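Residue strings, one per chain:
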Amino acid sequence: MENGLQQDARFIREVYRKAAVTGMLSILSVNISVFVDGILVGQRVGADALAAINLSMPLFWVLSMVGGFFAAGTEIPAARAIGVGDARRRDAFFSTGLNASVLVSLALTALALAFRGPLMSFLCAEEAIRPYVSQYVTAALIGALPRIVIYIPFWFLRLDGKNRDVCVMMIGLATVNIALDVGFVYFLDMGLLGAGLA
């Protein structure tokens, strides 16, 4: 009995270590992308544009919260399904989370674009900076779908024990983001719109 408990403890420690490393690398890759956004925009567009990025952050937090909500809400019952060997039910929860994320992200995008004026006023009280905020937020809303939906494969890959795939996915996304930032902001001179689209 004691030997079995020790094996369980070792297994849990190993799984936790892998999941923790994956989580830290994923968060780091996202933060590096935001950091690079700030540097490029601050250097190329100016201090007001950099302020606009920071003022737009609540919108990104809302998009992340929505994505995390659907991912967690479907991943937990999917984990139970995996525990009892019900692969079909696990796949059903994955499809539910994915479909719900797509529908909600499209609805949020349409709603936010329809009420973009009041949203800009809420995010930014300074009229001089508001056009910059509008550019960045508009680009962020256009990209709301992938920003929300990405949480589903991120959580479900980890649930399947594919931590390495998660790392590759997040590092790849960060690399593409940085490359697009450089291309849009520096070479195409698209300013905040380019940074947001990237």
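Criteria and cut-off values
- Residues numbered from 1 in each chain as written.
- Predicted model: local features only at pLDDT ≥ 70, side-chain atom pairs only at ≥ 80, totals over all residues.
- Heavy atoms only, no water.
- Phe/Tyr/Trp six-rings, centres within 6.5 Å; stacked < 30°, edge-to-face > 60°.
- Helix = DSSP H or I, 4+ residues; strand = E, 2+ residues; numbered from the N terminus.
- Buried < 20%, exposed > 50% of the residue type's maximum accessible area, 1.4 Å probe, protein only.
- Core = buried A, V, L, I, M, F, W, Y, C linked by side-chain atoms within 4.5 Å.
- Contact = heavy atoms within 4.5 Å.
- Axes fitted to C-alpha atoms, helices over the stretch in contact; angles between N-to-C directions.
- Parallel < 35°, antiparallel > 145°, perpendicular 65-115°, else oblique.
- Nonpolar A, V, L, I, M, F, W, Y, C, P; charged D, E, K, R; others polar.
- Salt bridge = Lys/Arg side-chain N within 4 Å of Asp/Glu carboxyl O.
- pLDDT = per-residue confidence, 0-100.
- Patch = residues over 30% accessible without salt bridge, like charges linked within 9 Å, V, L, I, M, F, W, Y side chains within 5 Å.
- Areas by Shrake-Rupley, 256 points an atom, 1.4 Å probe, with all protein chains shown as cover.

Here we look at the packing of aromatic side chains
- In the structure shown here, the tally under the stated rule is three aromatic pairs.
- With centroids separated by 5.2 Å and ring planes inclined at 80°, the aromatic side chains of Phe94 and Phe156 adopt a geometry described as edge-to-face. Taken together, the positions of Phe94 in helix α3 (residues 87–114) and Phe156 in helix α7 (residues 151–159) put the pair 62 residues apart, joining distant regions of the chain.
- On the accessibility criterion, Phe94 (25% relative accessible area) is partly exposed.
- Among the residues examined, Phe156 registers a relative accessible area of 1% and is labelled buried.

Some thoughts on the nonpolar core
- Within the largest apolar cluster, 21 residues are counted, with the highest numbers of intra-cluster contacts made by Val41, Ile53, Leu119, Val133, Tyr136, Val137 and Leu192.
- Among the elements of the structure, α2 (47–83), α4 (116–123), α5 (130–142) and α9 (191–197) are those that each provide at least two residues to this core.
- Considering every element that reaches this core, the biggest residue donor is α2, with six residues.
- Apart from the residues lying within four places of it in its own chain, the contact partners of Tyr136 are Asp37, Ile53, Ser56, Met57, Phe60, Leu192, Ala195 and Gly196.

A closer look at the packing of α2 against α3
- Two elements in contact, α2 and α3, have axes separated by 8 Å at closest approach and are oriented at 170°. Here α2 lies roughly antiparallel to α3, going by the angle between them. Here α2 contributes Val66, Phe70, Thr74, Pro77, Ala78, Ala81 and Ile82 to the contact with α3, which in turn contributes Arg89, Arg90, Phe93, Thr96, Gly97, Ala100, Ser101, Val104 and Leu108.
- Partitioned by chemical class, the residues of the contact of α2 with α3 number ten nonpolar, four polar and two charged.

Observations regarding the pattern of salt bridges
- Taken as a whole, this structure holds one salt bridge when the rule is applied.
- The residue Arg90 makes a salt bridge to Asp91 at a minimum N-O spacing of 3.1 Å.
- The class for Asp91 is partly exposed, based on a relative accessible area of 39%.

Here we look at the confidence of the model for the protein chain
- Mean pLDDT over the protein chain works out to 80, with 89% of the residues at or above the 70 mark.
- When the elements of the protein chain are averaged for pLDDT, helix α1 (residues 2–44) gives the smallest value, 68, and α3 the largest, 90.

Here we look at a nonpolar patch on the surface
- A cluster of nonpolar side chains, Val21, Met24, Leu25, Leu28 and Ile32, forms an exposed patch at the surface whose accessible area comes to about 430 Å².
- Inspection of the secondary structure assignment puts Leu28 in helix α1.
- Judged by relative accessible area, Leu28 falls into the partly exposed class, the value being 47%.

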